[in-house]
Amino acid sequence: MTAANDRPIGVFDSGIGGLTCLKELKELLPHEDIVYLGDTARVPYGTKSRETIAGYARQDIAFLKKFDVKLVLVACGTVSSVMESVSIFDGSGVENYSGVISPAVSAAVKATKNGRIGVIGTPATVRSQCYTSAIKAIDSNIQVFSRACPMFVPLVENGYTDRENKVTRLVAEEYLGEMANENVDTLIMGCTHYPLLKDIFSDIMGSGVSLISPGAEAAKYALSLLTEKQLLSDKADCGSCSLYCTDSEELFADNVAAFLGSDINASVKKCIL
Ligand code: DGL
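Residues numbered from 1 in each chain as written. Predicted model: local features only at pLDDT ≥ 70, side-chain atom pairs only at ≥ 80, totals over all residues. Heavy atoms only, no water.

(A) Geometry of the packing of aromatic side chains. Tallied over the entire structure, the rule returns 10 aromatic pairs. Plain terms: the ring middles of phenylalanine 63 and tyrosine 244 are 5.2 Å apart, the flat faces sit at 70° to each other, and that makes the pair edge-to-face. With phenylalanine 63 in helix H3 (residues 50-65) and tyrosine 244 in strand E9 (residues 241-245), this pair connects stretches of sequence that are 181 residues apart. Of the two residues examined, phenylalanine 63 and tyrosine 244, each falls in the buried class. Through a chain of ring-to-ring contacts, three or more aromatic side chains come together here, namely Phe152, Tyr175, Tyr194 and Phe201. (Phe/Tyr/Trp six-rings, centres within 6.5 Å; stacked < 30°, edge-to-face > 60°. Helix = DSSP H or I, 4+ residues; strand = E, 2+ residues; numbered from the N terminus. Buried < 20%, exposed > 50% of the residue type's maximum accessible area, 1.4 Å probe, protein only.)

Listed below in structure tokens is the structure:
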């Protein structure tokens, strides 16, 4: 084992959405140490301009860099959608990184049988057309149906995730109603917060529609990247999980416990970026 392999994986999002990535990472890479940052003081990112999002993302990366991370996973669809055009990693000193777009698109293109893919995301993500371009670059015959869903992130951050929640269901019916009639067989939940609402999506879209979680796909990609670069930890013990947020620790800890369950041995601390 080398010191390079012992370094943690850094993961960030504007809030708790990136936990969908962290959860999969813990499953696939149980021996890795993980440092997670949720920028809860500034969530949502998805309604902000590209320049503002890039500025926030650079601060998030600089924070994770202090932990000498061996890989940074941008577990945020919104930041991932601007990261190529605004080069957020330039000058950061981070060698290995990935966003969620390309892993999610690969999974969706594999999953679709009828060549009709739906994409939902934040306004910034949908405006960037990043999912559509990436899908079309693989197969120009695939038809893509996109819809921005700005109200999902605040609902998730406030814990409105229960399948029976009437408010969230009403909002989801409004956002997904049209798409449900487009005969898509695959839906990219293009914001990492959205998989927390997947039961409601499935009820509306129909159980035959494959739901793609970008955070989970990015975690799978992390496994292949670390394997290829021979950077996997070979510790026998379970990896540690350090969680940071930029607003109330209590609210964040409640959300974390509700989503990850109490068996994840994680500490939650507030930080300043
Ligand atoms: N989880 C982020 C994403 O994937 C949420 C965006 C936001 O903060 O609006 O886009």
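There is more to say, and it comes next.
(B) Region of interest: the site of the ligand. For the ligand, the set of nearby residues contains 14 residues, the closest of which are Ser14, Tyr45, Gly77, Thr78 and His193. Between the ligand and tyrosine 45 there is a distance of 2.7 Å, counted from an oxygen atom to a backbone nitrogen or oxygen. In this structure, an oxygen atom belonging to the ligand sits 2.5 Å away from a main-chain N or O atom of glycine 77. Taken by itself the ligand offers 290 Å² of open surface, and the protein chains cover 99% of this. Residue composition of the shell around the ligand, by class: 6 nonpolar, 7 polar and 1 charged. (Near = heavy atom within 4 Å. Polar contact = N/O pair within 3.5 Å; in protein donor to acceptor, adjacent residues only side chain to side chain. Areas by Shrake-Rupley, 256 points an atom, 1.4 Å probe, with all protein chains shown as cover. Nonpolar A, V, L, I, M, F, W, Y, C, P; charged D, E, K, R; others polar.)

(C) Expanded view of helix H11 (residues 214-228). Given a rise of 1.5 Å per residue, 15 residues ought to cover 21 Å, and the 21 Å separating the end C-alpha atoms of H11 matches this to within 8%. Inspection of H11 places Pro214, Gly215, Ala216, Glu217, Ala218, Ala219, Ala222, Leu225 and Leu226 among the buried residues, and these make up the whole buried set. Taken from the residues just after H11, glutamine 230 is the one with a positive phi, measuring 55°. (Expected span 1.5 Å × (residues − 1).)

(D) Highlighting the sheet that holds strand E5 (residues 116-121). Spatially, E6-E5-E7-E8 is the arrangement adopted by the 4 strands of the open sheet, whose pairing is parallel. Two strands lie at the open edges of the sheet, namely strand E6 (143-148) and strand E8 (210-212), each paired on one side alone. Across the sheet, the mean angle from the axis of one strand to that of its neighbour is 20°, orientation sign disregarded. Strand direction decides the pairing type here: E5 and E6, joined by 6 bridges, are parallel. Among the inter-strand pairings, arginine 116 is bridged to a residue of E6, identified as glutamine 143. (Pairing = 2+ DSSP bridges. Axes fitted to C-alpha atoms, helices over the stretch in contact; angles between N-to-C directions.)

(E) Spotlight on the environment of tyrosine 194. Assignment of secondary structure puts tyrosine 194 in the loop between strand E7 (186-189) and helix H10 (198-205). Relative accessible area serves as the criterion here: at 0%, tyrosine 194 is assigned to the buried category. There is a polar contact of 3.1 Å between the side chain of tyrosine 194 and the backbone oxygen of glycine 121.

(F) A look at the packing of H3 against helix H4 (residues 77-86). H4 packs onto H3 with a crossing angle of 95° between their chain directions and a minimal axis gap of 10 Å. As judged from the angle between their axes, H3 and H4 are roughly perpendicular. Facing H3, whose interface residues are Arg50, Ile53, Ala54, Ala57 and Arg58, H4 presents Thr78, Val79, Val82, Ser85 and Val86. (Parallel < 35°, antiparallel > 145°, perpendicular 65-115°, else oblique. Contact = heavy atoms within 4.5 Å.)

(G) The arrangement of the environment of arginine 42 in detail. For arginine 42, the position within the fold is in the loop between strand E2 (34-38) and H3. Separated by 186 residues in sequence, arginine 42 and glutamate 228 place their C-alpha atoms 35 Å apart. The contact partners of arginine 42, leaving out residues within four places of it in the chain, are Lys48, Tyr56, Gln59, Asp60, Thr246 and Leu273.

(H) Fine view of H10. Along H10, the residues classified as buried are Ile200, Phe201, Ile204 and Met205. Along the long axis of H10, the arc covered by the buried residues comes to 120°, so they all point the same way. Residues of H10 that are buried in the fold lie against E5, helix H8 (152-157), helix H9 (166-180), E7 and E8. Of the residues one or two after H10, glycine 206 is the one with positive phi, at around 105°. (Arc of directions from axis to C-beta.)

(I) Main features of the side chain of asparagine 96. Structurally, asparagine 96 is set in the loop between H4 and strand E4 (97-98). The class for asparagine 96 is buried, based on a relative accessible area of 6%. Here lysine 229 takes part through its side chain, which lies 3.0 Å from a polar atom of the side chain of asparagine 96. If we ignore the near neighbours within four places in the chain, the residues touching asparagine 96 are Lys70, Leu71, Val72, Leu225, Lys229 and Leu231.

Nothing here speaks to function; it is geometry throughout.
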